[in-house]
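Given next are the chains, with one letter for each unit.
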Amino acid sequence: AGASGRGVTVRERRVLTRSGFQIADPVYAYGATESAMRYGSSAWIEQIGSLRQSEVLRAIKNQLVACLVVSSVVVGIDLLSLNYAGRSFIPMIPSEPHSLVTSALGLLLVFRTNAAYDRFWEATTLWWEIAGNIRALVMWVESHLRGCGRSRAAEEATDVLERYVVLLPFAFKDHLRRVVNDEPFRSLLREEDCRKLFEPGQNRPLCLMAMMTRAFDRLVNEGAVKPAEKAKAVEMCEGIVQMLSSCERINCTTVPPDYTKHTTRFLTMWLFSLPLVLVHDIGIATIPVEVLIGWALFGIQQLGFEIENPFGVSTRADGETQEQIPLESLCREILLDVECLRKDLPDCTCES
């Protein structure tokens, strides 16, 4: 069945990899990988029209209701006091205090969002570096270990090693999201390997790396790999481990809580006192103006909250899950790339 997405004809097929793991493979008419969706000025009508489905709006609805209630109370007191007492009971507050602290509030919000985006961009960069290192490791295995009259034990160890490499991104993804998904591991690993990997409290990425090291040791014992070649492969694995550690650093650290608390309190006090400044100048229009400004400022803060955890998954109003970084598709893409490398790369050249 065909589906159209952004001008690209897409159909989905089920691929049974050489390793025995089935995945959904989106095949594009021009034969390339799907690119990320990018918005431009031509889509501004669509973006404005989708405001009701905005996840940011849904997240800050309580804050906007509070802004609506506060501004309505202030306007109501002002109108009632003018009608029945002939003067407003709302004190005249000059706009200068709000104007003086507006720049400080803007800096707090922008710094918070920029810090969150830096985390998001670093996480994205690390994941693509992990993908590149895994591809390079597979190319090394294919070019150095396949063919050339290797013993059957060496060929089996090579096949097991490739399965470990393919599963690394899946293990990284589950580890960073604190979830457990056994399907890809059961599809590719032997039963004894699964038992080790599924032990309670096991760090699956590090366990896989340890299995890979033992597989290299077996290849050295079989004479399929020289110690110097093993050292090169282990160095590549250590680089992947360092990238995982960097991902864990992003995942386990946050913007300082005191910074977030102070920004939230500052923003709330500024917005809740704003109707006292506006009501004498614009009257009942204070209500929509207050809600609109609250939507803009609380929305900026919410954007920082959402992208601060780049490995997280959120649930949309329609029940669909939304990833900040599409780790699931990246894992599938790496798996497909590995399968392509295994088919396209020639066997290693025998040494005389």
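In the block above lies the structure referred to throughout.
This one's a predicted model, so the numbers in the text were calculated from it and none came from an experiment.

A.B. asks: It is not clear to me how the overall build of the protein chain should be interpreted in this structure. Could you clarify?
C.D. replies: Looking only at helices and strands, the protein chain features 12 helices and 5 strands. Out of the 352 residues belonging to the protein chain, those deemed buried represent 40%. Considering only residue pairs separated by 6 or more positions, the protein chain has 70% of its internal contacts joining residues 24 or more positions apart.

A.B. asks: Quick question: what am I supposed to make of the nonpolar core here?
C.D. replies: Nonpolar side chains in soluble globular proteins generally cluster together in the buried interior. Counting residues in each nonpolar core, the largest one holds 59 residues, and the members touching the most others are W127, F185, L208, M212 and L219. Where this core is concerned, the elements lending two or more residues are helix 4 (96-145), helix 5 (152-177), helix 6 (183-188), helix 7 (191-197), helix 8 (204-221), helix 9 (227-252) and helix 12 (327-344). Not counting residues within four places of it along the chain, the set of residues in contact with L219 comprises L145, A154, A157, T158, L161, A224 and V225.

A.B. asks: I would appreciate a short explanation of the pattern of salt bridges in the present structure.
C.D. replies: Side chains that differ in sign of charge can pair as their charged atoms come close. Going through the model one piece at a time under the given rule, you end up with 12 salt bridges. One salt bridge connects R204 with D182, and the closest N-O pair in it is separated by 2.9 Å. With R204 in helix 8 and D182 in the loop between helix 5 and helix 6, this pair connects stretches of sequence that are 22 residues apart. Measuring nitrogen to oxygen at the nearest pair gives 3.7 Å for the salt bridge that ties E192 to R190. Judged by relative accessible area, R190 falls into the partly exposed class, the value being 36%. By sharing partners, the salt bridges in this structure join K173, D174 and E328 into a single network.

A.B. asks: How do you make sense of the side chain of R119 when you look at a structure like this?
C.D. replies: Secondary-structure assignment places R119 in helix 4. One buried charged residue, R119, remains without a salt bridge, the closest side chain of opposite sign being E308 at 4.7 Å.

A.B. asks: It is not clear to me how the packing of aromatic side chains should be interpreted in this structure. Could you clarify?
C.D. replies: Two numbers describe a pair of aromatic rings. These are the distance of the centres and the angle of the planes. Evaluation of the coordinates by the stated rule reveals 4 aromatic pairs. Here F111 and Y259 contribute two aromatic rings whose centre-to-centre distance is 5.4 Å and whose plane-to-plane angle is 55 degrees, an arrangement assigned as tilted. One end of the pair, F111, is in helix 4; the other, Y259, is in helix 10 (residues 257-282), and 148 residues separate them in sequence. The ring centre of F185 lies 5.4 Å from the NZ or CZ of R204, which sits over that ring.

A.B. asks: What should I look at first to understand the environment of M92 in this one?
C.D. replies: Examined against the element boundaries, M92 turns out to sit in the loop between helix 3 (61-84) and helix 4. Residues M92 and L278, spaced 186 residues apart in sequence, show a C-alpha to C-alpha distance of 9.6 Å.

A.B. asks: Would you mind going over helix 11 (residues 286-308) with me for this structure?
C.D. replies: Side chains of residues three or four places apart in an α-helix project in the same direction, reflecting 3.6 residues per turn. The terminal C-alpha atoms of helix 11, which comprises 23 residues, lie 33 Å apart, in line with the 33 Å expected from a rise of 1.5 Å per residue. Among all positions of helix 11, only T286, I287, E290, G294, L297, F298, G299, Q301, Q302, G304, I307 and E308 are buried. The secondary structure elements touched by the buried residues of helix 11 are helix 2 (55-59), helix 3, helix 4 and helix 10.

A.B. asks: Any chance you could explain the packing of helix 8 against helix 9 here in plain terms?
C.D. replies: Packed helix pairs are characterised by how far apart their axes lie and by the angle those axes make with each other. The interhelical angle for the contact between helix 8 and helix 9, taken along N-to-C directions, is 180 degrees, at an axis separation of 11 Å. Taken together, the axes of helix 8 and helix 9 lie roughly antiparallel to each other. Contacts from P205, L206, M209, M212, F216, D217 and V220 in helix 8 reach K230, A233, C237, I240, V241 and L244 in helix 9. Class assignment of the residues belonging to the contact of helix 8 with helix 9 gives a composition of 11 nonpolar, no polar and 2 charged.

Scoring rules and cut-offs
Residues numbered from 1 in each chain as written. Predicted model: local features only at pLDDT ≥ 70, side-chain atom pairs only at ≥ 80, totals over all residues. Heavy atoms only, no water. Helix = DSSP H or I, 4+ residues; strand = E, 2+ residues; numbered from the N terminus. Buried < 20%, exposed > 50% of the residue type's maximum accessible area, 1.4 Å probe, protein only. Contact = heavy atoms within 4.5 Å. Core = buried A, V, L, I, M, F, W, Y, C linked by side-chain atoms within 4.5 Å. Salt bridge = Lys/Arg side-chain N within 4 Å of Asp/Glu carboxyl O. Lys, Arg positive; Asp, Glu negative; His and termini not counted. Phe/Tyr/Trp six-rings, centres within 6.5 Å; stacked < 30°, edge-to-face > 60°. Lys NZ or Arg CZ within 6 Å of the ring centre and 35° of its normal. Expected span 1.5 Å × (residues − 1). Axes fitted to C-alpha atoms, helices over the stretch in contact; angles between N-to-C directions. Parallel < 35°, antiparallel > 145°, perpendicular 65-115°, else oblique. Nonpolar A, V, L, I, M, F, W, Y, C, P; charged D, E, K, R; others polar.

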